[in-house]
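# Observations on chain architecture
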Amino acid sequence: MVAAAVDDMGSALREARRNVFLLTAAQAILGVVGPICFAVGGVAGYQLLADDKSLATAPLTAYNVGMALGVVLVAILSRLIGRRFAFMVGTGIASVGAAIAAVALFRESFWLFAFGLAVLGSSNGFTQKIRFAAADASPSFYKPKAISWILGGGILSAVLGPQIVIFAGDLFAPVAFVGAFIALLPICLLAAVFFAPLRLPEQGSLAGEQHGQAARPLGEIVRSQRFITGMICGISSYALMTFMMTGAPVAMVVFCGFSTELATLGIQWHVLAMFAPSFFTGWLITRFGAERIVACGLLLLMACAAIAHLGLELWNFWGALVLLGLGWNFGFIGSTAIVAGSYRREEADKVQAFHDIILFTTVALSSFASGKVLSVYGWDMLNAVVWPVTSVCLVLLFLLMRTRSKAAA
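A few points on the structure.

Parameters at a glance
Residues numbered from 1 in each chain as written. Predicted model: local features only at pLDDT ≥ 70, side-chain atom pairs only at ≥ 80, totals over all residues. Heavy atoms only, no water. Helix = DSSP H or I, 4+ residues; strand = E, 2+ residues; numbered from the N terminus. Salt bridge = Lys/Arg side-chain N within 4 Å of Asp/Glu carboxyl O. Buried < 20%, exposed > 50% of the residue type's maximum accessible area, 1.4 Å probe, protein only. Axes fitted to C-alpha atoms, helices over the stretch in contact; angles between N-to-C directions. Parallel < 35°, antiparallel > 145°, perpendicular 65-115°, else oblique. Left-handed = near helix turned anticlockwise from the far one by under 90°. Nonpolar A, V, L, I, M, F, W, Y, C, P; charged D, E, K, R; others polar. 1 Å grid on protein atoms, 1.4 Å probe; cavity = no way out; pocket = protein on both sides within 12 Å on 5 of 7 lines; lining within 4 Å. Points joined across faces, edges and corners; volume = space filled by probe spheres on them. Contact = heavy atoms within 4.5 Å. Patch = residues over 30% accessible without salt bridge, like charges linked within 9 Å, V, L, I, M, F, W, Y side chains within 5 Å. Areas by Shrake-Rupley, 256 points an atom, 1.4 Å probe, with all protein chains shown as cover.

## A short note on unusual backbone geometry
Following alanine 173, the chain continues into proline 174 via a peptide bond in cis, with omega recorded as 15°. Inspection of the secondary structure puts proline 174 in the loop between α7 (154–168) and α8 (178–190). In this structure, glutamate 108 is a non-glycine residue whose phi angle is positive, near 55°. As for its position among the elements, glutamate 108 is in the loop between α4 (83–107) and α5 (110–136).

Right, dumping it as structure tokens:
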């Protein structure tokens, strides 16, 4: 009996590692969408607008609204046709969005460009589901590492995305940035090659998991202290990252006179910092606990705000963006692990959809607010917002850790 159980667990782990490898490759490819959109979305929006420049980040808001809608769509399609085919649909949506954005730039249409980024954002809603697919297809002890490896695929995205902007963006000069979106068409379709051979288990089929349990009502799950803390910390980490990342290229190019290339390289270093630690973040979570890693991420976000507040030199922007990426990595991966531990396998889809709808709706609002705050109050106000938000999250983490300590005692 024991030997059979060990063999079953070993087989499940091998299958999980195979799925994680394929999903990581797909994540690396589809992950270029975000860096490209955020590197040029605000600047392109600023150039396309004739009057109200405070709307410059509206295309990025549309991108994040698209993500919120995308997580709903991928949840529906996953139920109807399975996650593997749903992910393949997402690659087609990404290519359509890139085509729309390219046409909009040729036509100098601000709102069509915003719509194109909304479609690209909806495809990223599918991409966001990849981390949960990897976690759900893994034994409990392997979940943090699975999430980390998926997000680690963003290292390639961090390098490739900005380089596409730099080397392909001006291929259709004098129309800026078109080449970057045209290059996305074949790149996004390539990800389907890695989704096709996936073998994702049905809910509850993984060895070692409990069977026959009735799913709890959604309201019961989302009212638990663990879920609330994980969701608030994850949303705060992601929203603050988006808030500052959206405004940084506009502040650098428009208000401080840095070149688009320097701003794009800043985004590249930022995205590298977002994903590079992922290869050991899972180990850190296993070793020290998700709550402590999230707390470290929040402290790094505070350090980001401090560096940004010190001045408007290139090192201030780049240093702040690197710390912003590191803080997001620890904060978001740790929070995802906390949330993933709050529900059972048979409850996954409804809880994940609920979580991601709130997450990306908040992120969309933060990207829109970034342009408004930057236009009216300046770069320093963007930095100041970090402090109260991270302080609240740290208090929630402390309360969760105290509750768990009492329960263990």
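## Quick word on the pattern of salt bridges
Inspection of the entire model under this criterion finds 4 salt bridges. Close ionic contact of arginine 216 with glutamate 347 constitutes a salt bridge, the shortest N to O distance being 2.9 Å. Here arginine 216, found in the loop between α9 (192–195) and α10 (218–222), pairs with glutamate 347, found in the loop between α15 (314–340) and α16 (348–376); they are 131 residues apart in sequence, far enough to count as distant. Overall, the relative accessible area of 22% leaves arginine 216 in the partly exposed class. Given the relative accessible area of 0%, glutamate 347 is considered buried. For arginine 226, the salt bridge is made with glutamate 291, and the minimal N-O distance between the two is 3.3 Å. Placement of arginine 226 in helix α11 (residues 225–255) and of glutamate 291 in helix α14 (residues 290–309) is noted, with a sequence separation of 65 residues between them. Residue arginine 226 is classed as partly exposed on the basis of its relative accessible area, which comes to 22%.

## Overview of the packing of helix α3 (residues 58–81) against α5
Viewed as axis vectors pointing N to C, α3 and α5 meet at an angle of 40°, and their least axial separation amounts to 5 Å. Between α3 and α5, the angle falls in the class oblique. The two elements α3 and α5 cross, and the hand of that crossing is right-handed. Taken together, the residues that form the contact of α3 with α5 break down as 17 nonpolar, 7 polar and 1 charged.

## Quick look at empty space enclosed by the protein
As enumerated under the stated definition, the model contains 1 cavity of 30 Å³ or more in all. One number sums up the size of the largest cavity: a volume of about 280 Å³. Taken together, 22 residues make up the lining of the largest cavity; nearest its centre are Asn124, Gln128, Tyr238, Met274 and Phe275. Of all the secondary-structure elements, those providing two or more residues to the lining of the largest cavity are α1 (2–30), α2 (33–48), α3, α5, α11, α12 (260–275) and α15. Its residues placed into classes, the lining of the largest cavity shows 14 nonpolar, 7 polar and 1 charged.

## So, the side chain of aspartate 356
For aspartate 356, the position within the fold is in helix α16. If we ignore the near neighbours within four places in the chain, the residues touching aspartate 356 are Val71, Arg131 and Phe132.

## Observations regarding a nonpolar patch on the surface
On the surface, Val72, Ile76, Leu80, Ile81, Phe85, Val89 and Ile357 cluster together into a nonpolar patch covering about 570 Å² of accessible area. Mapped onto the fold, valine 89 is located in helix α4. Assessed through its relative accessible area of 35%, valine 89 is described here as partly exposed.

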